[in-house]
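# Report on the structure
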Amino acid sequence: MILASGSPRRREMMEQMGFKVHVRPSDIPEIPDENEGPMAYTRRLCEEKARSVSSNLDSDLWVLAADTVVVQDEKILEKPGDFEHAVSMLKLLSGRWHEVITSFCWNRADVLRVESVTTRVKFWDLDAKTIADYVNSGEPMDKAGAYGIQGLGGLLVEEIEGSFHSVVGLPISHVVRMLNALESESK
Ligand SMILES: Cc1cn([C@H]2C[C@H](O)[C@@H](COP(=O)(O)OP(=O)(O)OP(=O)(O)O)O2)c(=O)[nH]c1=O
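This one's a predicted model, so the numbers in the text were calculated from it and none came from an experiment. (Residues numbered from 1 in each chain as written. Predicted model: local features only at pLDDT ≥ 70, side-chain atom pairs only at ≥ 80, totals over all residues. Heavy atoms only, no water.)

## With respect to the side chain of H98
- In this fold, H98 is placed in strand β5 (residues 97–108).
- Within polar-contact distance, the side chain of H98 engages the side chain of Y147 at 2.7 Å.
- The contacts of H98, once residues within four sequence positions are left out, are V70, V71, Q72, L93, T119, R120, V121, F123 and Y147. (Helix = DSSP H or I, 4+ residues; strand = E, 2+ residues; numbered from the N terminus. Polar contact = N/O pair within 3.5 Å; in protein donor to acceptor, adjacent residues only side chain to side chain. Contact = heavy atoms within 4.5 Å.)

## Things to note about the site of the ligand
- In the vicinity of the ligand there are 22 residues, among which S5, G6, K49, K79 and I149 approach most closely.
- Contact between the ligand and S5: an oxygen atom at 2.7 Å from a side-chain N or O atom of the residue.
- Taking R10, its side chain carries an N or O atom lying 2.8 Å from an oxygen atom of the ligand.
- Alone, the ligand offers 600 Å² of accessible surface; in the complex the protein occludes 94% of this. (Near = heavy atom within 4 Å. Areas by Shrake-Rupley, 256 points an atom, 1.4 Å probe, with all protein chains shown as cover.)

## Re unusual backbone geometry
- Of note in this structure, D73 is not a glycine but carries a positive phi near 50°.
- Tracing the backbone shows D73 in the loop between β3 (63–72) and β4 (75–77).
- According to the relative accessible area criterion, D73 is partly exposed, its value standing at 47%. (Buried < 20%, exposed > 50% of the residue type's maximum accessible area, 1.4 Å probe, protein only.)

## A word on the nonpolar core
- Judged by nonpolar contacts, the single largest core of 38 residues is most densely connected at M14, L64, L90, W106, F123 and Y147.
- Here F123 is in contact with L90, L93, S94, G95, R96, H98, Y147, L156, V157 and E158, once residues within four sequence places are set aside. (Core = buried A, V, L, I, M, F, W, Y, C linked by side-chain atoms within 4.5 Å.)

## What to know about the UniProt feature "site: Important for substrate specificity" (unreviewed entry) in the protein
- Mapped onto this structure's residue numbering, the UniProt feature "site: Important for substrate specificity" (unreviewed entry) falls at R9, T68 and Q150. Among the annotated residues just listed, those that line the largest pocket are R9, T68 and Q150.
- Along the polypeptide, R9 turns up in helix α1 (residues 8–16).
- Among all residues touching R9, those that are not within four sequence positions of it are D142, K143, Q150 and V168.
- Looking at the element boundaries, T68 is found in strand β3.
- Contacts of T68, omitting those with residues within four sequence positions, involve R10, V100, I101, T102, A144, S166, V167 and G169.
- One polar contact links T68 to R10, side chain to side chain, over a distance of 3.0 Å. (UniProt positions renumbered as here; feature names shortened; annotations may be inferred. 1 Å grid on protein atoms, 1.4 Å probe; cavity = no way out; pocket = protein on both sides within 12 Å on 5 of 7 lines; lining within 4 Å.)

Below you can see the structure in the form of structure tokens.
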């Protein structure tokens, strides 16, 4: 399969599931349209990522793309731009529930299917030093919402409802089930 993503976590997860993964990141700009809700945004982006990589392929391999955002107070939190931005995102998440939405897309020739998975995550109350120490670890900078649940960021999380893997960027069981369904439909 072709993975239209530069995320090392997505690659690892697909390899753990036994796939031989060829990585071809896309360069789609990640900017929500005016009045675009978070789920619609992630669905549009993963579809655009898949289509842009598929259009330059001369193989008939399946292409997988995904997009993950954190949502708090209807605001989309993507990857932080700098230290201060990461601190302000973590302050917003402190002591409250938020949602993590991952949409993924399988595409081959004119077959394209998108699915979205929403997970709820609750953070402990975080004091300023905990937030600053965490941001200084460097872990938040390439992650939506400025945390990684799979790393040190796991210490910020009190509770989760839904798919852990989806928070990390790919709900692997949904992803593999959809591929199996698409394969059996094409027979
Ligand atoms: C909330 C959270 C996000 N993330 C990551 C998953 C995604 O890689 C990233 C969100 O950014 P995305 O734009 O979804 O993905 P990406 O930029 O890493 O890769 P590409 O656009 O090429 O597909 O945040 C974690 O690793 N752990 C977490 O707990």
